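Coordinate analysis (summary)
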Amino acid sequence: MDSWLVRPQPLQNPKLRLFCCAYAGGSGWIFRPWAQQLPKNTRADVEICAIELPGRGKRLLEPAFTDLDEIVQVVGPQLLPLLDRPFAFFGHSMGALVAFELCRWLRRALALKPLHFWASAARAPHLSSELPPMHNLSKADFIERLKHYQGTPLSVLNNAELMDLMLPTLRADFTVLETYRYQPRAPFDFPITGLWGENDNIVSQTEVAAWQVHTSIFRLEAIAGDHFFLQQPLFVQTLLSALIELIDG
């Protein structure tokens, strides 16, 4: 299990676990600072558990998955030892799709559900992208399309050695996204909050708002920033405060 989760501050008896899923090409380590940003009096109550897929972070040399069903079938059982406490999910961009299907798997296989799910900067799963596929583009064209996402610094995009390391995982992640086929199921009965970046040029407000069809309890929140707002201190503090409210509520 340890290789599948980044747990910055493992807790023996937390009141809540937050499972976090990163964007395409992202590592679970991006969520590591969140544990330190929790108020000191609640750090023993909330455990950050970020899912670490192969092909990134300390698993960089492992081949990345190219199929979402395979991700869910492998990752789902890895979470079981940590589901003895109330839990919630946060997924950003591609991570929201991973978290969504993990929630479906938990409902189907174990009749378990999170207290809350934050779908961040992500198109609702039943919507198709208007952008042409990119996972099968040539190396040069793939890198050019990556610039549109503004999530990889130009200094990295222009570094041939770094890109040779990162490209297989990025290409695999976009394969996951672009080959996913949504299957209709009953809506969830737990709350989903859709988070939309006000300056996001990748996912629109309407596409995030469409998550409402997947739950009986939905809220849409606008966040200052672009597609990668998730590391903004003000946003993180707002999210962590919402976690504390889940515990108190």
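Scroll up to find the structure this text is about.
Residues numbered from 1 in each chain as written. Predicted model: local features only at pLDDT ≥ 70, side-chain atom pairs only at ≥ 80, totals over all residues. Heavy atoms only, no water.

Taken as a whole, the largest pocket encloses approximately 1,000 Å³ of empty space. Lining the largest pocket are 44 residues; nearest its centre among them are Ala24, Ser93, Met94, Phe174 and Leu177. At eight residues, helix H6 (residues 160-179) tops the list of elements feeding residues into the lining of the largest pocket. Of the residues assigned to the lining of the largest pocket, the class counts are 27 nonpolar, twelve polar and five charged. (1 Å grid on protein atoms, 1.4 Å probe; cavity = no way out; pocket = protein on both sides within 12 Å on 5 of 7 lines; lining within 4 Å. Points joined across faces, edges and corners; volume = space filled by probe spheres on them. Helix = DSSP H or I, 4+ residues; strand = E, 2+ residues; numbered from the N terminus. Nonpolar A, V, L, I, M, F, W, Y, C, P; charged D, E, K, R; others polar.)

Okay, the pattern of salt bridges next. Scanning the entire structure with this criterion turns up eleven salt bridges. Put simply, Arg7 and Glu47 hold a salt bridge, and the shortest N to O gap is 2.8 Å. Placement of the pair is Arg7 in the loop between strand S1 (5-6) and strand S2 (16-21) and Glu47 in strand S3 (residues 46-51), with a sequence separation of 40 residues. Across the salt bridge formed by Lys113 and Asp189, the nearest N and O atoms sit 3.1 Å from each other. Of the two residues, Lys113 is situated in the loop between helix H3 (94-110) and strand S5 (117-120) and Asp189 in the loop between H6 and strand S6 (192-197); the sequence distance between them amounts to 76 residues. Given the relative accessible area of 45%, Lys113 is considered partly exposed. Among the charged side chains, a network of salt bridges with common partners joins Arg7, Arg17, Glu47, Asp84 and Arg85. (Salt bridge = Lys/Arg side-chain N within 4 Å of Asp/Glu carboxyl O. Buried < 20%, exposed > 50% of the residue type's maximum accessible area, 1.4 Å probe, protein only.)

Below, the discussion takes up the nonpolar core. Counting residues in hydrophobic clusters, the biggest one holds 52 residues, and the most contacted among them are Phe19, Leu79, Phe89, Phe117 and Trp211. With ten residues, H3 is the largest single contributor of residues to this core. If we skip the residues at most four places from it in the chain, Leu79 touches Leu5, Phe19, Ile51, Phe89 and Leu102. If you look at the next biggest cluster of nonpolar residues, it comprises 27 residues, including Leu18, Ala50, Ala88 and Phe90. (Core = buried A, V, L, I, M, F, W, Y, C linked by side-chain atoms within 4.5 Å. Contact = heavy atoms within 4.5 Å.)

We now examine the environment of Leu162. Within the fold, Leu162 resides in helix H6. The spacing of Leu162 and Pro187 is 25 residues in sequence and 42 Å in space, taken between C-alpha atoms.

Centre distance and the angle of the planes are the two values used to describe a pair of aromatic rings. The final tally for this structure, using the stated rule, is 15 aromatic pairs. Ring geometry for Phe87 and Phe89: centres 6.0 Å apart, planes at 85°, overall edge-to-face. Note on Phe87: relative accessible area 4%, which makes it buried. You can call Phe89 buried: its relative accessible area is 0%. (Phe/Tyr/Trp six-rings, centres within 6.5 Å; stacked < 30°, edge-to-face > 60°.)

Consecutive residues of a regular strand have side chains that alternate between opposite faces of the sheet. The alternating pattern of S5 places Phe117 and Ala119 and Trp118 and Ser120 on opposite faces, both of which are buried. The sheet contact formed by strand S4 (residues 87-92) and S5 spans four bridges and is parallel. Following the sheet pairing, Phe90 is matched in S5 by Trp118. With H3 bridging S4 and its parallel neighbour S5, the resulting β-α-β unit is right-handed. With four bridges joining them, S5 and S6 adopt parallel strand pairing. Opposite Trp118, over in S6, you have Thr193 as the bridge partner. (Pairing = 2+ DSSP bridges. Right-handed = clockwise from strand over helix to strand, strands pointing away.)

Our next topic: empty space enclosed by the protein. Tallying each qualifying case throughout the model produces two cavities of 30 Å³ or more. The space that makes up the largest cavity amounts to roughly 80 Å³. In terms of lining residues, the largest cavity is bounded by 14 residues, among which Cys21, Ala22, Gly26, Ile51 and Leu53 are the most central. Sorting the residues of the lining of the largest cavity by element identifies S2 and H3 as the ones contributing at least two each. Here the lining of the largest cavity gets three residues from one element, more than from any other, and that element is H3.

Here the focus is the packing of helix H2 (residues 68-79) against H3. Close contact between H2 and H3 brings their axes to 9 Å; oriented N to C, the two are set at 60°. Compared by their axis directions, H2 and H3 come out oblique. Judged by the twist between their axes, the crossing of H2 over H3 is right-handed. Contact residues: Leu68, Ile71, Val72, Gln73, Val75, Gly76, Pro77 and Leu79 in H2; Leu97, Val98, Glu101, Leu102, Trp105 and Arg108 in H3. (Axes fitted to C-alpha atoms, helices over the stretch in contact; angles between N-to-C directions. Parallel < 35°, antiparallel > 145°, perpendicular 65-115°, else oblique. Left-handed = near helix turned anticlockwise from the far one by under 90°.)

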